[in-house]
Amino acid sequence: MATQQAPNGTRHNGSDGATHRPMTNAPRSWKGAPEHYSETPDWKDGTTKFLGWFSIGLGLAEIFAPRQVAKLVGISDEDEYVGTLRQFGVREIAAGLGILTRPKPTYWLWSRVGGDAIDLAWLTRRLRDSEEDNDSTKLLAAITAVLGVTALDIIQGTKLTSEKLPSTGHDEGSFQVGKGDDGTVRLEAQVTVGASPAECYEFWKNLENLPRVVGHLESVRTLGEGRSHWKAKAPAGLSVEWDAEVIEDRPNEYIAWHALEHEQVDNLGSVTFVPAPGDRGTEIHLEMEYHPRGGAIGARIANLFKKIPQGALMMDLRRFKQLIELGEVVQSDATASRKMPHPAQPNATNELKSELRAQ
Amino acid sequence: MRANCWEGAKHVKVETVPDPQILNSTDCIVKISTTCICGSDLHLFNGFVPTMEHGDIMGHEFMGEVVEVGKNVKKLKTGDRVVVPFPIACGKCYSCKKGMTSLCENSNPNAHIAAAIMGHSPSGVFGYSHMLGGFAGGQAEYARVPFADFGPLKLPDSVTDEQAVMLADIFPTGYMGAEMCDIGPGDTIAVWGCGPVGQFAIASAKLLGAERVIAIDRFPYRLRLARERAGADITINYEETSVMEALRELTGGRGPDGCIDAVGLEAHTPGLVGLYDKAKQSMRWENDRPGALREAIMSVANGRTVSVIGVYSGFIDKFPMGSLTNRSVTIKSGQCHVHRYMQPLLDRIERGEIDPSFVITHQMKLEDAAVGYDIFTHKDDECLKVVLKTGH
């Protein structure tokens, strides 16, 4: 989102499109998490941290010095009240620890708001209970103070609730893949093909081959000097187009490309070829990423890419494997149909996909 | 053509559908003479397998005559009489080269659905849900068969349709179940389930040299067939006898050296445990009722193998993992790699070592498929195996 403020400690590509972060060029299966996955974002600003420490301080006081706390807020130090204050103390410490230890303690901030409500109700009852030996001036001051803290809790809670985690800000070491809240669509898949890296690279080095396996692409046309024109399928017969350039090409190892900066679609892609152990052939690691460029059109385009189902890229790579190992893409009665879903029964000829009709 | 289609749980119907056509260059079209209803079709019929759709043609055990071949088919010719293995396998990927054809890496065009449910995808299978490819099945007059040069086995005239069609699935499946037990001299093998696959597991255990085979079921007619035709030495009716106690007694306290689960996900377990599984399955808190599997694990001798050839679809409950680890028990399982067993088992049939048509109890027309499903699922009329004949 163009207006979104990046939280502390997270790297965020933003919407200006000025910097492309490099795609990881090492397959994760054996080199571990790439750098950008190992950052733990911290959403807490100073006020939130203050509320955490405040909770713990107050909680400790309520547990270990409940009579002094009672005196401070103008309540008589009867055993019943001392017990209640100790219980409040436990709650405060839990909230404090929650706030300080969670990277995004939204829940714990709202739990503080709930606790504030309980405190206020309890203090107000003490104030109205005229038979008890309470100091109403001190009680009023305490209620005012709690109201102030409550306001702060609500402000911070609302702030964290409305802030969304960008797709790159995952927990440490995790391999979350998918659709980020900032509109980023990240797809990746792997397959092992029974052929040498050179045989596999041969297919990918000509980007015009990609639409033969990558389902969401309609066409890629090379323009020379590493540049190419891409066309992706969109619903209702529409398409999205952009120009891209190859940013790295190491024969038989790695190819990476990205969309040119002025384009509406910010696309990054890479394919890595790794010799598989034993006689297993070559591991193919394919990554594709789409970022919205900002603006209404950019957001609409990003939505198109969000509709690509998880698992689609896996089937794309399996189609590549079929092309290399079998020389053609395997069809079933259901997948050969132009209309999907189709039951597992033969198609009438005019319902077959065009490439099959042509055969 | 006419074909038996799935039309929702407990409902199949023979309908007129388009004729199959060549879709890939290595396909062939088989004009089906004989096809069967498999016990695993009943799991589809009863609605326990996900990703079925209305209109899916069922059936994965079929044979017939090749009537058309794709342009890249080299060995098979029109007019050849063939039986078709139920897993669809390319013969060229890593798994196929290792002989594990039910794990073919190229034959399931819906692999992503299977992978979402099972972690990784097995091969495609004829007529067995969309997660296994969405291939039209063989309970029909014709079928399109991919990888014609790798799958279908050419048959000699000396072998009847009724014998040959058993090579499509259940004879190899039962045989692989017995083979996975690593049977050695003196071994006792116990087989849970005396359906058609169970009968072949019993017969195969004998072929592979088991000293004794114990068959377990609740239907007297199935136990009788196990004794009289498959070659079981002892039978246990689990509704009358405690299986674990009987097995202990029969094996001097050791337990059977191999336990074969030929029951799968719709096990009937007496008593409270059975009710528990039925309730959880009906509420979709577990996919499968693993009563037979639990008992097989608890029963098997220390250090020996439980071989699972019954079909399971998803997740099970109360799995006796402690028994497995503490007693060095091995579990082996798999959809049968039919391709590697068809020729050797055809040889056994030709040599007269076994006549696999002994399991057939009912033969009817394809048009009557719905009746076949009904009597097979209810075990009416002492039904064990239903064979369907097309009108060709």
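Assigned secondary structure in chain A consists of 11 helices and seven strands. When burial is assessed residue by residue, chain A has 36% of its 359 residues classed as buried. Within chain A, counting contacts between residues at least 6 apart in sequence, those at least 24 apart form 55% of the total.

This paragraph deals with the overall build of chain B. Scanning chain B from N- to C-terminus turns up 13 helices and 18 strands. Relative to the compact-globule value of 21 Å for 392 residues, chain B shows a C-alpha radius of gyration of 20 Å, a close match. In chain B, which comprises 392 residues, the proportion classed as buried is 56%. Restricting to contacts in chain B with at least 6 residues of sequence separation, those with at least 24 account for 72%.

All right, on to the pairing of strand 1 (residues 185-193) of chain A then. Residues and elements named next belong to chain A. Where burial is concerned, the two faces of strand 1 differ: the one with V185, L187, A189, V191 and V193 is buried and the one with R186, E188, Q190 and T192 is not. The pairing of strand 1 with strand 7 (residues 282-292) spans nine bridges and is classified as antiparallel. Paired with V185 across the bridge in strand 7 is Y290.

Looking now at the domain arrangement of chain A. Looking at the assigned domains, one finds that chain A contains domain 1 (46-162) and domain 2 (171-328). The distance between the C-alpha centroids of domain 1 of chain A and domain 2 of chain A comes to 54 Å.

The next thing to look at is the environment of L324 of chain B. Residues and elements named next belong to chain B. Structurally, the position occupied by L324 is in helix 11 (residues 321-326). Residue class for L324 comes out partly exposed when judged on the 16 C-beta atoms lying within 10 Å of it. A sequence separation of 37 residues divides L324 from N287, and the C-alpha atoms of the two residues are 22 Å apart. Setting aside residues up to four positions removed in sequence, L324 forms contacts with I297, V329 and I331.

Each partner contributes residues to the interface: chain B has 37 residues there, and chain A has 27 residues. Elements with a contribution of two residues or more to the side of chain B that touches chain A: strand 1 (2-6), strand 4 (56-57) and helix 3 (111-118) of chain B. With four residues, the single largest contributor to the side of chain B that touches chain A is helix 3 of chain B. Considered class by class, the residues forming the side of chain B that touches chain A number 17 nonpolar, 14 polar and six charged.

Attention now moves to the packing of helix 5 (residues 106-128) of chain A against helix 6 (residues 136-162) of chain A. Residues and elements named next belong to chain A. Two elements in contact, helix 5 and helix 6, have axes whose closest approach is 9 Å; the angle formed by their N-to-C orientations is 160°. Taken together, the axis directions place helix 5 and helix 6 in an arrangement best described as roughly antiparallel. The hand of the helix 5/helix 6 crossing is left-handed. By residue class, the composition of the contact of helix 5 with helix 6 is 13 nonpolar, seven polar and five charged.

This paragraph deals with the confidence of the model for chain B. Confidence along chain B averages 95 in pLDDT terms, with 99% of residues attaining 70 or more. Note on the complex model: pTM 0.75, ipTM 0.90.

A few words now on the sheet that holds strand 1 of chain A. All names here are of chain A. Strand order in the open sheet formed by seven strands is 1-7-6-5-4-3-2, and the pairing between neighbours is antiparallel. In this open sheet, the two edge strands, each paired with only one partner strand, are strand 1 and strand 2 (217-224). With strand direction ignored, the average angle separating the axes of adjacent strands in the sheet is 20°. Bridge count for strand 4 (residues 239-250) against strand 5 (residues 254-259) is six bridges, and the pairing is antiparallel.

Residues and elements named next belong to chain B. With 12 residues, helix 12 (residues 339-350) should reach 16 Å at 1.5 Å per residue; the first-to-last C-alpha distance of 18 Å fits that figure. Every buried residue of helix 12 is accounted for by H339, Y341, M342, L345, L346 and I349. The buried residues of helix 12 occupy an angular sector of 130° when projected down its axis, which confines them to one face. Turned more than 90 degrees from where helix 12 packs its buried face, Q343, P344 and D347 sit exposed. Close packing links the buried residues of helix 12 with strand 10 (153-154), helix 4 (161-164) and helix 5 (170-179).

Attention now moves to the pairing of strand 2 (residues 12-16) of chain B. Residue and element names in this part refer to chain B. Bridging between strand 1 and strand 2 involves five bridges; their strand directions are antiparallel. Looking across to strand 2, one finds that R2 is bridged to T16. Where strand 1 hands over to strand 2, the hairpin turn is made up of five residues, of which G8 adopts a positive phi near 105°.

Residue and element names in this part refer to chain B. When cut into domains, chain B gives domain 1 (2-169 + 336-389) and domain 2 (174-333). At the level of elements, helix 1 (39-45) and helix 12 are the ones that each hand at least two residues to the side of domain 1 that touches domain 2. When residues of the side of domain 1 that touches domain 2 are assigned to their parent elements, the largest contribution, three residues, is made by helix 1.

The next point concerns unusual backbone geometry. Of note in this structure, E225 of chain A is not a glycine but carries a positive phi near 55°. If you trace the backbone, E225 of chain A turns up in the loop between strand 2 and strand 3 (227-233). Of note in the backbone geometry, F147 of chain B takes a positive phi value of approximately 55° without being a glycine. Mapped onto the elements of the fold, F147 of chain B is located in the loop between strand 9 (142-145) and strand 10. When the 27 C-beta atoms within 10 Å are taken as the criterion, F147 of chain B is described as buried.

About the cut-offs
Residues numbered from 1 in each chain as written. Chains lettered and ligands numbered in written order. Predicted model: local features only at pLDDT ≥ 70, side-chain atom pairs only at ≥ 80, totals over all residues. Helix = DSSP H or I, 4+ residues; strand = E, 2+ residues; numbered from the N terminus. Buried ≥ 20, exposed ≤ 12 C-beta atoms within 10 Å, placed from the backbone. Contact = placed C-beta atoms within 7 Å. Rg over C-alpha atoms; globule rule 2.2 N^0.38 Å. Pairing = 2+ DSSP bridges. Domains from an automatic or database assignment. Nonpolar A, V, L, I, M, F, W, Y, C, P; charged D, E, K, R; others polar. Axes fitted to C-alpha atoms, helices over the stretch in contact; angles between N-to-C directions. Parallel < 35°, antiparallel > 145°, perpendicular 65-115°, else oblique. Left-handed = near helix turned anticlockwise from the far one by under 90°. pLDDT = per-residue confidence, 0-100. Expected span 1.5 Å × (residues − 1). Arc of directions from axis to C-beta.

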